[in-house]
Structure formats: C-alpha cells, structure tokens
Amino acid sequence: RPNEPKPEDLLVKGQGGSVLWLNDAAKINRLQRIAVENSRLHIPVLFAYDVVHGFNTTFPVPLAMAATWDPALVEQVQTVAAREAVSSGIRWSFAPMVDIARDARWGRMVEGAGEDPYLGAAMARAEVRGLQGPYIGSPGHVVACAKHFAAYGAAEGGRDYDSVYVPEELLWNVYFPPFRAAEEAGVGCFMSAYMDLNDVPATGNRFLLQDVLRGRWGFKGFVVSDAFAVRNLITHGFARNPEDAAFRAFSAGVDIDMADGMYQNHLAQLVRSGRIPVAQIDAAVRRVLAAKIRLGLFENPYADEAHAAELLKSPGEEKLARLAAQRAIVLLKNQHGLLPLKSNFHSVAVIGPLADAPREMLGSWSAGEKARDAVTVLEGIRNKLPDGVRVEYAKGPEIRKLITTRRDFFDNPHPSPPESAEEADAAFGKALAIANDCDLIVMVLGENANMSGEAASRHALQLPGRQEELLEEAVATGKPVVLVLINGRPLNLAWAAGHVPAILEAWYPGNTGYFPYRKPLD
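Computed from a predicted structure; not experimentally measured.

Draft legend 1. Quick peek at the sheet that holds strand β13 (residues 481–486). Read across the open sheet, the 6 strands follow the order β9-β14-β13-β12-β10-β11; overall the sheet is mixed. Both edges of this open sheet fall to β9 (330–334) and β11 (390–394), since each of them pairs with a single strand only. Taking each pair of neighbouring strands and ignoring which way they run, the sheet shows an average axis angle of 15 degrees. Bridge count for β13 against strand β14 (residues 502–505) is 4 bridges, and the pairing is parallel.

Draft legend 2. A look at unusual backbone geometry. The residue after Lys147, namely His148, is reached through a cis peptide bond having omega 0 degrees. Structurally, the position occupied by His148 is in strand β4 (residues 145–149). Phe149 connects to Ala150 through a cis peptide bond whose omega is -5 degrees. Turning to its location among the elements, Ala150 is positioned in the loop between β4 and α6 (168–175). One non-glycine residue, Ala151, adopts positive backbone phi at about 70 degrees. By the element assignment, Ala151 lies in the loop between β4 and α6. Although it is not a glycine, Tyr161 adopts a positive phi angle of roughly 75 degrees. Structurally, Tyr161 is set in the loop between β4 and α6.

Draft legend 3. Geometry of the packing of aromatic side chains. Under the definition given, this model contains 15 aromatic pairs. A centroid spacing of 6.2 Å and a plane angle of 80 degrees characterise the contact between Tyr49 and Phe55, whose relative ring orientation is edge-to-face. With respect to class, Tyr49 is no different from Phe55; both count as buried. Ring geometry for Trp172 versus Phe176: centroids 4.9 Å apart, planes at 90 degrees, classification edge-to-face. Overall, the relative accessible area of 26% leaves Trp172 in the partly exposed class. A network of ring pairs unites the aromatic residues Phe149, Trp172, Phe176, Phe179, Phe190, Trp217 and Phe219 as a single cluster. One Lys or Arg, Arg248, reaches over the ring of Phe238 and ends 4.9 Å from the middle of that ring.

Draft legend 4. Representation of the side chain of Asp103. If you trace the backbone, Asp103 turns up in the loop between β3 (92–93) and α5 (117–132). Side chain to side chain, Asp103 and Arg105 meet in a polar contact 2.8 Å long. Here the side chain of Asp103 touches Gly158 through a polar contact of 3.3 Å, landing on its backbone nitrogen. Once residues lying within four places of it in the same chain are set aside, the contact partners of Asp103 are Met109, Gly157 and Gly158.

Draft legend 5. Region of interest: the packing of helix α10 (residues 242–252) against helix α11 (residues 262–272). With their axes 9 Å apart at the nearest point, α10 and α11 run at an angle of 85 degrees to one another. Our classification of the angle between α10 and α11 gives roughly perpendicular. Contacts between α10 and α11 involve Pro242, Glu243, Ala246, Phe247, Ala249 and Phe250 from the first element and Met262, Tyr263, His266, Leu267, Gln269 and Leu270 from the second. Residues belonging to the contact of α10 with α11 are distributed by class as follows: 9 nonpolar, 2 polar and 1 charged.

Draft legend 6. Focus on the nonpolar core. Within the largest apolar cluster, 118 residues are counted, with the highest numbers of intra-cluster contacts made by Trp92, Phe149, Phe190, Phe222, Val444, Val482 and Ile486. No other element matches the 6 residues that α10 contributes to this core. When residues no more than four places from it in sequence are discounted, the contact partners of Val444 are Val350, Ile351, Gly352, Pro353, Leu354, Ala355, Val377, Val484 and Ile486. Residues Ala435, Met443, Val475 and Leu483 belong to the second largest nonpolar core, which totals 25 residues.

Draft legend 7. Inspection of the environment of Ala151 at higher detail. By relative accessible area, which is 1% here, Ala151 ends up buried. Remark: the alpha-carbon pair of Ala151 and Met195, spanning 44 residues in sequence, is separated by 8.8 Å. In contact with Ala151, other than residues within four places in its own chain, are Asp99, Val164, Val166, Leu171, Tyr175, Met195 and Leu197.

Draft legend 8. Representation of the sheet that holds strand β5 (residues 189–192) within the structure. What the 3 strands build is an open sheet, ordered β4-β5-β8; its pairing is parallel. In this open sheet, the two strands that pair with only one neighbour each are β4 and β8 (222–224). Along the sheet, successive strands turn relative to each other by an average axial angle of 25 degrees, direction set aside. Note: β4 against β5, 3 bridges, orientation parallel. From the neighbouring strand, Ala146 faces β5, where its bridge partner is Phe190.

Draft legend 9. Structural detail: empty space enclosed by the protein. Summed over the entire model, instances satisfying the criterion amount to 2 cavities of 30 Å³ or more. Approximately 140 Å³ is the volume found for the largest cavity. Forming the walls of the largest cavity are 18 residues, and the residues nearest its centre are Pro62, Met65, Val74, Gln78 and Glu127. Looking at the lining of the largest cavity, the elements with two or more residues in it are α3 (62–66), α4 (71–87) and α5. Tallied by class, the residues present in the lining of the largest cavity amount to 12 nonpolar, 4 polar and 2 charged. Estimates place the volume of the second largest cavity at around 40 Å³. For the lining of the second largest cavity, the secondary-structure elements that each account for two or more residues are α18 (467–476) and α19 (494–499). In terms of residues, the lining of the second largest cavity owes the most to one element, α19, which gives 3 residues. When the residues that make up the lining of the second largest cavity are grouped by side-chain class, the tally is 6 nonpolar, 1 polar and 1 charged.

Draft legend 10. Highlighting the pattern of salt bridges. Applying the stated rule across the entire model yields 24 salt bridges. A salt bridge links Asp244 to Arg248; the shortest N-O distance between them is 3.0 Å. Placement of the pair is Asp244 and Arg248 together in helix α10, with a separation of 4 residues, close to one helical turn. Residue classification places Asp244 among the buried positions, given a relative accessible area of 2%. For Arg248, a relative accessible area of 28% puts it in the partly exposed group. Overlapping salt bridges bring together Arg240, Asp244, Arg248 and Arg275 as one network.

Reading the values: rules and limits
Residues numbered from 1 in each chain as written. Predicted model: local features only at pLDDT ≥ 70, side-chain atom pairs only at ≥ 80, totals over all residues. Heavy atoms only, no water. Pairing = 2+ DSSP bridges. Helix = DSSP H or I, 4+ residues; strand = E, 2+ residues; numbered from the N terminus. Axes fitted to C-alpha atoms, helices over the stretch in contact; angles between N-to-C directions. Phe/Tyr/Trp six-rings, centres within 6.5 Å; stacked < 30°, edge-to-face > 60°. Buried < 20%, exposed > 50% of the residue type's maximum accessible area, 1.4 Å probe, protein only. Lys NZ or Arg CZ within 6 Å of the ring centre and 35° of its normal. Polar contact = N/O pair within 3.5 Å; in protein donor to acceptor, adjacent residues only side chain to side chain. Contact = heavy atoms within 4.5 Å. Parallel < 35°, antiparallel > 145°, perpendicular 65-115°, else oblique. Nonpolar A, V, L, I, M, F, W, Y, C, P; charged D, E, K, R; others polar. Core = buried A, V, L, I, M, F, W, Y, C linked by side-chain atoms within 4.5 Å. 1 Å grid on protein atoms, 1.4 Å probe; cavity = no way out; pocket = protein on both sides within 12 Å on 5 of 7 lines; lining within 4 Å. Points joined across faces, edges and corners; volume = space filled by probe spheres on them. Salt bridge = Lys/Arg side-chain N within 4 Å of Asp/Glu carboxyl O.

In structure tokens form, the structure reads like this:
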C-alpha cells in the first residue's frame, strides 16, 4: 500500500511475525530468508492463507462437502489441501469456518456446514484432523484456524458483518458446539469475528475469548483477529481511537492483529504506560512461538520451490476431487426415473449461464484459481454421451452480481461490460430455439462464484437474472427437463419443484468438473 513500510523492511526490524495471503513459494522463501538470516532474533515467519476447499486441487466448497455426510472423505480432502499448501510454504490455514448459518441470504454460508450443530461439529473435527494431522507439526500439515468465534452466521437479516443478538442458551446449544468440537480435535488457532455479539464486538469480547475459550474450554493455542477487525472496534463505537482499539482487543484475548497495524503501532506504548503488563505480551508471544516451534519452522523454514513449481503444473488430485464432487451432489427430485439418462435421446440442449463457465465451477475462496483444469457441465456431457447424440449449447442471458465490492475488483479488475437489453433478448431467443430443437433439455442455473462468500449476501433467494423465466419457457416446450443448480446457498425453488422433473444441487463442484449421471468411481 502507498505510504506504508515494505514487508522486507519490517522483517529486517523483527516487526513481522506472520505474512498473509501470499502463496508463491519463491516469494515466500525470499521473505523467509530475510527474517531468518537478517533479523536480530532470526525467528522464522509463519505464512498463512485461506486454504478453504483445496489449494492446487480445488475441491467442492465446504457446504457441498457437508452434504456428503462423510467426515472421513472431508478429512481426506483436507489432508490433500494441507499437503499441497505446505509445498508452497503455507503453514497456517484460515480454515475451517465452522459458523452455523440459518439464514441463506448470508453469503458466507458457502464456507461452512449449514444450519445443524451436530453436522457442523462432525465436519469441524474432520477438517481439523485433515488440515493438522494427528498433532500440530505433523509432516505435510498446517495449523488450522477455527473461525469466526462466534455466532457470526447469525447476522441480522443475513447481512454480512451485521449485528448478532443470540440468547446464551442458543450460543451453547447451537453456535458453540462446532467450535468446541474443533477445540477438542486440537485446533491450534481461533479467529475472532467481525460482528458485535449482543452489543459487544467479538474481537473485544472477553466473554468469548477469555471466559469461554480459555476459561471454560482451556484452549492453549493462539487467537488471531479477522482482517482489520481490531481497527473496526472504532467503527463499532467500542474503542475511542487506534490505541484504545489495540488495548481492548489485546486485553480481550486476541494475540495477533491481522493486517491493520494496530498492535505494531500501539502495543509498546500501552506497555510503557502500564495499561498492558509485560507478562501479557510474553504470554501472547509464547503462544505464537510455540506454534512455530511445533511446526518445525526453526529447523526447516523454507519451501521446496522446485516441488511447488511441479505441483502447480499438475491437475492435482483429480480422482479424489471427482469422487468428492460426485458424493456432494444432492438429488432433489427425480420424477419418473428420468435420471440416469436412458439411451433413447438423440439430441440434448445444454442451456444456462453456468453450463460452460469454468471459473464458476470453483466457487469462492478457491486458492489456486485453476479454472483451466475445470471441466464444465457442457464438456462433461459431451465427453460422456455417445458420438451419435447431438449436443447443442446456449448460454442464455448473463447473470451478474449487481453490487460489487473491493473484493470483486481484486478478483476481476477488468470486468466485461454488461450485455444490453437487446443482447439479452437475443440470447434468450437462441436458448429457446435450441430447447425446441432437442429431445432433452439440461438447464444449468444458479449463481456466479462471486455471488456467495464474504461480502456477498443477497436480499432474496430467487434465481438471479432471467433464469427462472428461461426455465419456465424451457418447461413449456413439453420436453423433459433436468435442472442442475450450481450455487453457494439454498435457493427458492418453489416453481421448479412443482414443474421440473429432475433437479440436482451441485453447489460448486471444484476443478475436475463432474457429470451428474456418471456412476461413482470404484
């Protein structure tokens, strides 16, 4: 950022203990060498990344993995994700997200296991075991971070970052169990949440971070704030100024201030003034150093750049990713046994804005962004059906996130201009013409990847754009229709449930694609 110190300068001065959001092995090693060889204490840096549902291999999103009801498969998937992340120098993952979410308008529902605390706890245990291994420092594993503590998923109106009001009974019975399961599985880190819980911001909440986490549960690991959450205590009106924000977060139990420099700029003065005892600083530092020691960073601080480069060239763990995608698909309806497809169709129309959209197959928080390896629904159908079957494709009118954020700009700094009304009408007409000309219609509808995830809440749960109108017209042709949904939250399917013969919920399947009628692998 302009007018801010360079990371290299901070590391030389010993002012950087962790580096976030960097996943290139060569760049990681360059910074690590500065910390290890040129700083006064030679303490290695802990590199962290959002390894949420894969790294080089993009697996189905966590909501999809929860739909498998298979903790063993989830553990296996996260084991692969951890091994791939470690190869690039990542040793700390901002996962699993174990927030219970009961309002589907909330965009971050895609990152967790949904609404049920029992399933959420089972997924939390499996993800921690997969990411961390049997103990912190297990070869090929990372430190896991249970987030966001706590009740972040209960935001009012499903609006991301909004206030949360939850009775204590619901906290203990609904929102805490997945976090407790992660703690019992040995998770090394907790992340505080952005929002305020019952009028006290989670990042300055002693009840959460001291009374429950360290007191009741006896958690011995370290706590990190969410990005800029310490500074946000000022926005909440909970802190008077940056120094007060640093004091309140640190006193509440946050060991690491992620990204906004509040601790770096103000903790020393807080110690000098006597507001924070040196013993508290020592305790927080000790917890972070313990994680670095257990990970073996002092003995082996560097990534294998050659191995990392080879990994990035590979398609990843394709067989496991395909199996996970198949297990995660939910068959919502199959009237008259339409699926699996019989061999009496001579032509298939594949229609929809997500039918041939490789980037949208990956979902939010896809670490590797390897859209080149994604097999779209259209490609899968063409690969699978016999040569004699004609496959036609039409995208239909585009769908687009109406309100964009800074995160969207970072993901796609040069978006294409939206299509005009005339272009949308032409695309709609082309799709209907193809539908009328084929024996079977496969509609691939849902949400673009940026419509779910952080800062991606929605006010309503309908299919965005003109998709439902297009679906209604396709059904009106009288041809059999298969609806494949790719989205990050449950959607309102009231009309489709009553009129479409077969419906599959595919969520975001990952970077090996899938074909919804293929038999599971042996």
